[in-house]
Amino acid sequence: MDPAFKKALQISASLHLALLLALFVNFSFFDKNEVIVVPLYSASNAPLQASMVENPNLKEADKPTRKKPEPKPEPPKPEPKPEEPEEDPQEELQKLEEERKVQEQKEIQVKKKQEEAKKKKQEADLALKKKKEKEKLDKQKKEEERKKAEAEKKKKEELAKKKKEEELKKKKDAEAKKKAEALKKKKAEDKKRKQELDKAAEEMMLEDELAEEADEARRAARQGQLLTEKQRYVAMIVERVRQSWFTDDTMNGKECVIELKLASNGFVTSLNVVGGDAGVCNAAVNAINRVGRFPMPEDPDLNQEFRELKLPFKK
């Protein structure tokens, strides 16, 4: 409800209530034939016109002195618009038809532009899709080529490594085989040489023993009683060494003292060079090793004495 209209209703209701109360108590300021019209407000907020009707029976003195409300000025009426001249229906139809055609052309142009934009967008989307697919394929191809190259490289490296390991193994096997053969050959040669040397030494020892014993017997017979038993065996040992050593003229007049330890049967158990010329000492040591066994006296006491001897060997 409009606030102004609501307010007018409230005022009107208040006035009616006051009038009814006045009539009820028989208190009146007006003539009985006088009618008061109370202005009311309509819904359009326009004031209602009220008029007073004179009652001829009402005395002049009883009439209340009340100032009549001044009427409110009416709002100015809008000026009437000039009437436009009536258009020809045919021209209006023609004008509408032209406007329709222009509008239709505009719509056609707009639709055409939209279709062109849509087509361009579709072409751009298609081109972008093809580009992405091509980039994806190129990327996949490059990745496959990279993997293939890496696989080939790895394969080549593995083959090269395997080949190198095989060559190294072959080389090591060949060297090991060569060393084994050389060692085997050397051992066989050393064994054969040792056997030959042992056989020759044994034969020489037997010959030397026989010859030495014969020479010693002859020399002992020549010396007769000049030599004691001990001197005789010492002379035999020194002479046997002198017969077995190899010397040269640079050793003339030089001497070497060697300490010998002999078994009861005359075999050399150890020897030690006490001092002397190195060349003579080497020759004497080699000769002693070649002899290996010396004659020993049968007398037990003298045999025990001959277990350790310190003998000079002179060229």
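Here the structure is shown first, and the text comes after it.
Residues numbered from 1 in each chain as written. Predicted model: local features only at pLDDT ≥ 70, side-chain atom pairs only at ≥ 80, totals over all residues. Heavy atoms only, no water.

Draft legend 1. Up close: the overall build of the chain. If you tally the helices and strands in the chain, you get five helices and three strands. When the 315 residues of the chain are sorted by exposure, 15% land in the buried category. If you sum the accessible surface of the chain, you get close to 26,800 Å²; carbon and sulfur atoms cover 55% of it. (Helix = DSSP H or I, 4+ residues; strand = E, 2+ residues; numbered from the N terminus. Buried < 20%, exposed > 50% of the residue type's maximum accessible area, 1.4 Å probe, protein only. Areas by Shrake-Rupley, 256 points an atom, 1.4 Å probe, with all protein chains shown as cover.)

Draft legend 2. Region of the structure containing the side chain of R240. Of note, R240 is situated in helix α3 (residues 229-244). In this structure the side chain of R240 is engaged in a polar contact, spanning 3.4 Å, whose partner is the backbone oxygen of R293. (Polar contact = N/O pair within 3.5 Å; in protein donor to acceptor, adjacent residues only side chain to side chain.)

Draft legend 3. View of the sheet that holds strand β2 (residues 268-276). Taken together, the three strands give an open sheet; going across it, the order is β2-β1-β3, and neighbouring strands pair in antiparallel fashion. Pairing within the sheet leaves two strands with one partner each, and these edge strands are β2 and β3 (308-314). This sheet shows a mean twist of 25 degrees between the axes of neighbouring strands, independent of strand direction. Sheet topology places strand β1 (residues 255-262) next to β2; seven bridges connect them, and they run antiparallel. (Pairing = 2+ DSSP bridges. Axes fitted to C-alpha atoms, helices over the stretch in contact; angles between N-to-C directions.)

Draft legend 4. Geometry of α3. Here α3 is 16 residues long and its end C-alpha atoms lie 23 Å apart, about the 22 Å a rise of 1.5 Å per residue gives. Turning to α3, its buried residues are Y233, M236, I237, V238, R240, V241 and S244. (Expected span 1.5 Å × (residues − 1).)

Draft legend 5. Expanded view of the pattern of salt bridges. Scanning all chains against the criterion turns up 12 salt bridges. With its nearest N and O atoms 3.2 Å apart, the salt bridge here joins D173 to K169. On the criterion of helical spacing, the pair formed by D173 and K169 is a turn pair, its members being four residues apart in helix α2 (residues 89-223). A residue is classified by how much of its surface remains accessible, and K169, at 53% relative accessible area, is exposed. Ionic contacts of the salt-bridge type, sharing partners, join the residues E97, R100 and E104 into one network. (Salt bridge = Lys/Arg side-chain N within 4 Å of Asp/Glu carboxyl O.)

Draft legend 6. View of helix α4 (residues 278-291). Between its terminal C-alpha atoms α4 stretches 20 Å, which fits the 20 Å expected from 14 residues at 1.5 Å a residue. Buried within α4 are the following residues: V280, C281, A283, A284, V285, A287, I288 and V291. Looking one or two residues past α4, G292 carries a phi angle of roughly 80 degrees, positive in sign.

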